[in-house]
Amino acid sequence: MTSKARGFTLIEVVVSITILSLIVLATVTAMRTLANTQERLEQKAEQSSQMQMVVRYLRKTLSDAQSITWYKFGAPAGQYFYGDESYVQVVSPLAIAGRTGGLWTSHLSVKEGRLVLKLISGLQLPDWSGDGLSYVLLSNIDAFSIAYRSNRYSEWVSDWDGLDEKPDLGIPSHVKIKLKVAGRYWPDIIVAMNPSRS
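To start, this report covers the structure provided alongside it. (Residues numbered from 1 in each chain as written. Predicted model: local features only at pLDDT ≥ 70, side-chain atom pairs only at ≥ 80, totals over all residues. Heavy atoms only, no water.)

**Quick word on the overall build of the protein chain**
Move 1: Scanning the protein chain from N- to C-terminus turns up one helix and twelve strands.
Move 2: Ordered by position from N to C terminus, the α and β elements of the protein chain give α-β-β-β-β-β-β-β-β-β-β-β-β.
Move 3: Across the 198 residues of the protein chain, 34% fall into the buried class.
Move 4: For the protein chain, restricting intrachain contacts to residue pairs at least 6 apart in sequence, the fraction spanning at least 24 positions comes to 53%.
Move 5: Here the protein chain displays about 12800 Å² of accessible surface, and carbon together with sulfur accounts for 56% of that area. (Helix = DSSP H or I, 4+ residues; strand = E, 2+ residues; numbered from the N terminus. Buried < 20%, exposed > 50% of the residue type's maximum accessible area, 1.4 Å probe, protein only. Contact = heavy atoms within 4.5 Å. Areas by Shrake-Rupley, 256 points an atom, 1.4 Å probe, with all protein chains shown as cover.)

**A few points about the packing of aromatic side chains**
The relative placement of two aromatic rings is captured by the distance of their centres and the angle of their planes.
Move 1: Under the criterion given, the structure shown has two aromatic pairs.
Move 2: Measuring from ring centre to ring centre gives 6.3 Å for Phe81 and Tyr148, while their planes differ by 90 degrees; the resulting arrangement is edge-to-face. You can see Phe81 sitting in strand β3 (residues 81-84) and its partner Tyr148 sitting in strand β8 (residues 141-149), a full 67 residues away along the chain.
Move 3: With a relative accessible area of 0%, Tyr148 lands in the buried category.
Move 4: Ring plane angle 40 degrees and centroid distance 6.2 Å describe the contact between Tyr148 and Trp160, whose orientation is recorded as tilted. Taken together, the residues span a long stretch of sequence, with Tyr148 in strand β8 and Trp160 in strand β9 (residues 160-161) at a distance of twelve residues. (Phe/Tyr/Trp six-rings, centres within 6.5 Å; stacked < 30°, edge-to-face > 60°.)

See below:
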């Protein structure tokens, strides 16, 4: 008795393997694309979160700036708020973990592509000679500038010296910070200063 069991021909096996290989390749490619997309979404979410945190901190620190009269040789010499387009230095109340609260001098500037906030308890002269705390708020800074204006209708200026040159300036009504981080411009950060503090 002869058995006529019929199997697959070689051509049928090759065609089946080819179709299966194409299906596996398409599935692997789709999964890789999905993983890359997820990674990019997580990076964007992290950047957005970082942006919101930095903007919130800068708004709080600047809007809480105190109008403090600076005295030189016993006579009033100006208001303690100054800066130019590359830095700003203010005095504001801060609560820092592990430190005493109170007024802290804050110095915001860019050093070696990093947005750095230096803090020292109390008042500090414009040359910033104190050994204080230093925090890197952002890295990969491509461009940074600060502008000031005395009221909502005035023009923006790049220099605000409330000490020696223009002691009657006081605190500006607004401060504008422009940032370009990792090749992308952030929306301008415009802080309305607290009028009750000036």
